[in-house]
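Report on the structure
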Amino acid sequence: MRKGIQAAAALFGAAAAAAAVALAAGGPSTTISTPTSGQKVSIHHNPYLAVAGSAAFATPQAQTTRFYLRRDGCGTANDNPHLSVTTGTDGGDGCGLVLTSVAGPGGTVDQAASVDYPSVDGMPLTLDSSRTVTGTIDLNSISVADGVAAGTGLLTVTVDLEALYQGNGVEVGSDSETVLLTPTQTEYPVAFSIQPTGTLDRADLSGLDLRVHVEGPFVAGGFIANSGKSWLDAPSWSASFAQSVAVSLDDPTFASAVPARLSGSSWSVAVPTPAIGKHVVYAQASQGFDTGAPASRSFTVTR
Amino acid sequence: MTKRLSLVATAILALALYGGSASADQAVHHPLYMPDAAHVGDPALQPPPVCCAPVGPPVAGEPAPVNMAYFGGHVQVKPKIYLVFWGWGVPGAFDHTTPGMPANDPDGAAARMTAFIKAMGGTAWAGSQTQYYETVNGQNVHIQNPTNVFGGAWYDDTNPVHDNLSGLELAQEAQRAVAHFGITDLHDSQVVIAQPQKFNEAGFNGGVGYCAWHDYTQPQYYPGVQAGISFTNMPYVLNMGTSCGQNSVNAGYYAGRLDGFSIVLGHEVEETITDPGAEDVIDGVNLGGWYDYAAYENGDKCAWVGYTEGVAPPSTVPGGLANITGNDGKQYPVQSLWSNESAGGAGYCAGAGDDLPVTG
């Protein structure tokens, strides 16, 4: 046993000295340096097999991802409000619910409760919660004559940002802003700012949803402009911090893979030496939701 | 307790007197539907009333009153629930992917249903049904509430699947599941045929007005299928949005997106536990377990209580939809279940953590 462990340690050292692997385009990559190709391993002297290699991952860079509030229609079953990293002309631009608005206590008008804008692209996103989410909801008031708008009074805009993280909905944060509507203005870009919850820092998100709620005294105010005018900027990283290498013995499906220990660009793991005969060891690097192509190495276990 | 016993006696008497309505059994048969939130009380979605009791259809959002009775069939004393995800990995099963989620479960619905079934055993919610029993050789054998009711999960991407599945095809898949899992104890076993987004049962797709149903295979209704299999048709309820429970308990877009899966699945599996024979009457023999004279089972009587479709969060009335804590410590939205023992024996919807103050 002692001899085997010593042999494994020596092999780990060799792996650490291996040259760094250039990051393959489109995802993480890995190579196997130990065992060497065709290497013969004595099970008597090596009850544990050292497996080692190197991996390359993208370096996360701070960035900002802009999502536009988009809407395909207005008042139909196909409105499809959503967040998208691309912009364009929206069929539902300026949508609001005048006729179906509900007058609440004190004569306020709840602009059809809330509208959810779930992301349809731009995912996954590695959140940087050390910075704030910022954005703009561009509110419109109906123009009743040239230079005269219908809405007057104080309007409240509430935005709630939720993330889909590990299959669950998690609150990111919220903000509530007010804007004073006047008869001489029809457009009001309402800026908002959300400090994301610290528990989601560097989390790999599968989705984002912005829930927008507009409330105020006039049904004629509170329409949301799209077509690039309403948006949010999510502080993010260009790549995930979740890096790993999985090792699998004789199973390219990695159904029973074991995790390797990462140290810089090197990785290593010791697995029980398999039975006497020919074998294949596989290694696969993952970064966030990206998994690279597996590397493999054949070797032979001898008595 | 006395009241309950007398009810049972009355039920048996009623069966003797009114068995005729049930003996016309084979003329009309349909599974036991869970109506969606817009079709609560729709008589087209219920079997004919057992008897003449003056019980009207339930009011949407409210419990259906009067206690359930025992109709002589078996119950699932030590329930085992088997999940079949039929065709979830077949091309075309979903029209979208989600980063970080499996391609055969992009919304996490299969994972949620599996987790829920694993977590429901031993909860107070499931425990509210241990008051019901079957009578064997004169002895009442009560339903148990073991911690583990999960029998297994099978992702069947081999047997051909398609959209607009028939009930017979679902029953046939249930029979294949019995073979796959090696189920020998049909008495206590039930099979859930869960369908992916794009391959669903025809009636669900057709807007009949239900979210799911359960049934019991008999040769009259499912020719060629092994008799005695309790199974559930579990469509992809997210397709029906809020009418099948989306965001009915948890308000967040993502947090409540899958609410309907555990609510609807919980409704069906608990109905199957207390009435695995699905109210069938074969050759004058009632295979049904527990339901009321209007043929409402423990789930039907409490479906969508406190819920106004599309309004979130729901009102928190007693017996209303709510989150329960599973045996894994996680939260699962469910509907309550009818408890004859609640409200001092008058009965009420219970188990979801928002019971009436007086539970008897």
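All values reported here derive from a predicted model rather than from experimental measurement. (Residues numbered from 1 in each chain as written. Chains lettered and ligands numbered in written order. Predicted model: local features only at pLDDT ≥ 70, side-chain atom pairs only at ≥ 80, totals over all residues.)

1. Points about the overall build of chain A
Quick note on the threshold: Secondary structure counts use DSSP, requiring at least four H or I residues in a row for a helix and at least two E residues in a row for a strand, with both numbered from the N terminus. Three exposure classes are used, all based on how many other C-beta atoms lie within 10 Å of a residue's own C-beta (placed from the backbone): buried at 20 or more, exposed at 12 or fewer, and partly exposed between those limits. Throughout, a residue-residue contact means that the two C-beta atoms, derived from backbone geometry, are no farther apart than 7 Å.
In terms of regular secondary structure, chain A is built from one helix and 25 strands. Here chain A holds 303 residues, and the buried ones make up 41% of them. Within chain A, residue pairs in contact and separated by at least 24 positions form 73% of the contacts whose partners lie at least 6 positions apart.

2. Examining the overall build of chain B
Each helix and strand in chain B was counted, giving six helices and 16 strands. Expressed as a percentage of the 360 residues in chain B, the buried residues total 54%. In chain B, 72% of the contacts between residues at least 6 apart in sequence involve partners at least 24 apart.

3. Overview of the interface of chain A and chain B
With 15 residues of chain A at the interface, the matching set in chain B holds eleven residues. Taken together, the elements giving at least two residues each to the side of chain A that touches chain B come down to β7 (109-118), β12 (153-165), β13 (168-181) and β16 (207-216) of chain A. Ranked by residue count, the leading element in the side of chain A that touches chain B is β16 of chain A, at three residues.

4. So, the nonpolar core
Where a protein is soluble and globular, its nonpolar side chains tend to be buried together. In plain terms, the rule: Think of a nonpolar core as buried Ala, Val, Leu, Ile, Met, Phe, Trp, Tyr and Cys residues chained together by C-beta atoms that fall within 7 Å.
V84, V191, V192 and I193 of chain B are the most contacted members of the largest nonpolar core, which has 93 residues in total. Sort the elements by how many residues they give to this core and helix α2 (residues 109-120) of chain B lands first, with seven residues. Beyond its immediate stretch of four places on either side in the chain, V191 of chain B contacts Y82, V84, A174, A177, V178, I229 and F231 of chain B. Counting 40 residues, the second-largest nonpolar core is a separate cluster that includes V115, V179, Y188 and F192 of chain A.

5. Considerations on the domain arrangement of chain A
Residues and elements named next belong to chain A. This is how it is decided: Residue ranges assigned to each domain were obtained from an automatic or database domain assignment. Polar here means any residue other than Ala, Val, Leu, Ile, Met, Phe, Trp, Tyr, Cys and Pro, which are nonpolar, and Asp, Glu, Lys and Arg, which are charged; Gly is therefore polar.
What the domain assignment lists for chain A is domain 1 (2-59 + 241-302) and domain 2 (62-237). In this assembly, four residues from domain 1 lie in contact with four residues from domain 2. A per-class count over the side of domain 1 that touches domain 2 returns three nonpolar, one polar and no charged.

6. A word on α2 of chain B
Residue and element names in this part refer to chain B. Heads up, the condition is: An expected span of 1.5 Å times one less than the residue number is assigned to each helix.
Helix length check: α2, at twelve residues, gives a terminal C-alpha distance of 16 Å against a target of 16 Å (1.5 Å per residue), a fit within 8%. Buried within α2 are the following residues: A109, A110, R112, M113, F116, I117, A119 and M120. The inward-facing, buried residues of α2 contact β3 (80-86), α3 (124-127), β6 (150-156), β7 (189-194), α6 (259-274) and β14 (331-334). Following α2 by one or two positions, G122 has its phi on the positive side, about 85°.

7. Things to note about the sheet that holds β3 of chain B
Residue and element names in this part refer to chain B. Note the cut-off: Any two strands between which DSSP finds at least two bridges are classified as paired. Geometry is summarised by axes, namely lines fitted to C-alpha atoms with helices restricted to the contacting stretch, and by angles between N-to-C directions that run from 0 to 180 degrees.
If you walk across this open sheet you meet the six strands as β1-β8-β9-β7-β3-β6, and the pairing is mixed. Taken across any chain shown, the strands that pair with only one partner, and hence form the sheet edges, are β1 (32-35) and β6. On average, each strand axis in the sheet is tilted by 15° relative to the strand beside it, whichever way the strands run. Sheet topology places β3 next to β6; six bridges connect them, and they run parallel. The partner of V84 across the bridge, within β6, is W154. Its contacts with the sheet place α2 against β3, β6 and β7, and it is angled at close to 175° to β3. This element, helix α4 (residues 167-181), spans β3, β6, β7 and β9 (230-234) of the sheet and lies at about 125° to β7.

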